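Each chain, letter by letter, is given below.
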Amino acid sequence: MNAALDLLPFVREIPDFPKKGIGFKDITPLLKDPKAFSAMVDAFVERWEGKGVTRVAVIESRGFLLGSAIAHRLRAGLIPVRKKGKLPWKTHQASYQLEYGTDSIEVHQDAAGAGDKVLLVDDVIATGGTAKAACDLVEKLGAQVAGVAFLIELSFLKGRAKLPGREIQSLITY
Ligand code: AMP
């Protein structure tokens, strides 16, 4: 597959969604295109294969759409990181700042442990709050964060600053 395929034309920007002032990055044109979807997965796999990744942590909800294909190709297990109250068993929680107030994400307490190397996957890094909270959760499990991978980075929001020292991959940068 052609991992060098330019993915940018497959992202559609929806102005003022879900609220005024947000330019929503709609990745459904990329997901539905067989070549683009394959090229995206290839690009992630090329970066992380051979690095000992044992689990891929996927962030609700669009991270799920990318991460399970990546986990399969890396022969790694899959860990859902979900919004508060969605996971049925015992969880660890981490909070992050929203524009107004805070929100939390959770992971099952037995999702990973010492000896695991976890790759975090999400569709977009904006302010980086979600990704930082997810990294904190992985480390609370006693596992190591192998790296953090995004399809899209909104670099003007400086999310990377919240992930100092992390190995970060983003395929498309705005
Ligand atoms: P943040 O915590 O600010 O880095 O926000 C990242 C999370 O919000 C990701 O899970 C994204 O799915 C979502 N997100 C933030 N900004 C956008 C955007 N402009 N378009 C699509 N999703 C976004």
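Throughout what follows, the structure given in this document is the object of discussion. Every chain is numbered on its own, with residues counted from 1 as its sequence reads. Confidence filtering applies because this is a predicted model: local features only for residues at pLDDT of at least 70, side-chain atom pairs given and counted only at 80 or more, and all residues used for totals across whole chains, interfaces and linings. Excluded from the side-chain calculation are hydrogens and water; included are all heavy atoms of the structure.

## Concerning the nonpolar core
Put simply, a nonpolar core is a bunch of buried Ala, Val, Leu, Ile, Met, Phe, Trp, Tyr and Cys residues held in one set by side-chain atoms that sit within 4.5 Å of each other. Categorising residues by exposure relies on relative accessible area from a 1.4 Å probe, with only protein chains included: less than 20% of the type maximum marks a residue as buried, more than 50% marks it as exposed, and the intermediate range marks it as partly exposed. Grouped together as the largest cluster of nonpolar side chains are 27 residues, with contacts concentrated most on V56, L74, L119 and L151. Going along the chain from the N terminus, every DSSP run of H or I of four or more residues is numbered as a helix, and every run of E of two or more is numbered as a strand. Going through the elements one at a time, α2 (34-48), β3 (55-59), α3 (62-74), β7 (117-125) and β8 (144-153) are the ones with two or more residues in this core. Counting residues per element, this core draws most heavily on α2, at seven residues. Throughout, a contact is declared for two residues whenever any of their heavy atoms are within 4.5 Å. When near neighbours in sequence (up to four residues on either side) are disregarded, L119 contacts W48, V53, R55, V56, A57, I70, L74, A146, G147, V148 and A149. The next biggest cluster of nonpolar side chains, apart from the first, holds 26 residues, and it includes V81, L137, V138 and A143.

## Observations concerning the pairing of strand β4 (residues 77-83)
Where β3 and β4 come together, five bridges link them in parallel fashion. When the bridges of β4 are listed, A57 appears paired with I79. Handedness is read with the strands pointing away from the viewer; a crossover is right-handed when the path from the first strand over the helix to the second is clockwise. With α3 bridging β3 and the parallel β4, this β-α-β connection has right-handed handedness. Paired strands, as defined in this entry, are two strands with at least two bridges between them according to DSSP. The pairing of β4 with strand β6 (residues 102-108) spans two bridges and is classified as antiparallel. Within the sheet, the bridge partner assigned to R82 lies in β6 and is E106.

## A short note on the site of the ligand
Note on definitions. A residue lies near a molecule or strand when any single heavy atom of the residue is within 4 Å of it. Of all residues adjacent to the ligand, which total 14 residues, the nearest are D122, D123, T127, G128 and T130. In this structure, R62 approaches the ligand through a side-chain N or O atom, which is 2.9 Å from an oxygen atom. In the model, an oxygen atom of the ligand is placed 2.5 Å from a nitrogen or oxygen of the T130 side chain. Taken together, the elements giving at least two residues each to the shell around the ligand come down to β2 (23-26), β7 and α4 (129-140). What qualifies as a polar contact is a pair of N or O atoms within 3.5 Å, subject to a donor-acceptor requirement within protein and to the restriction that residues adjacent in sequence count only when both atoms come from side chains.

## Quick notes on the sheet that holds strand β5 (residues 91-97)
Reading across the sheet, the seven strands line up as β5-β6-β4-β3-β7-β8-β9 and stay open at both edges, with mixed pairing between neighbours. The strands lining the two open edges of the sheet, one partner per strand, are β5 and β9 (168-173). Shown here is a sheet whose adjacent strand axes are inclined to one another by a mean of 20°, direction ignored. Throughout, an axis means a line fitted to C-alpha atoms (over the contacting stretch in the case of helices), and angles, computed between N-to-C directions, take values from 0 to 180 degrees. Contacts from α3 reach β3, β4, β7 and β8, with the element oriented near 145° to β7.

The quantities given are spatial measurements derived from coordinates; they are silent on function.
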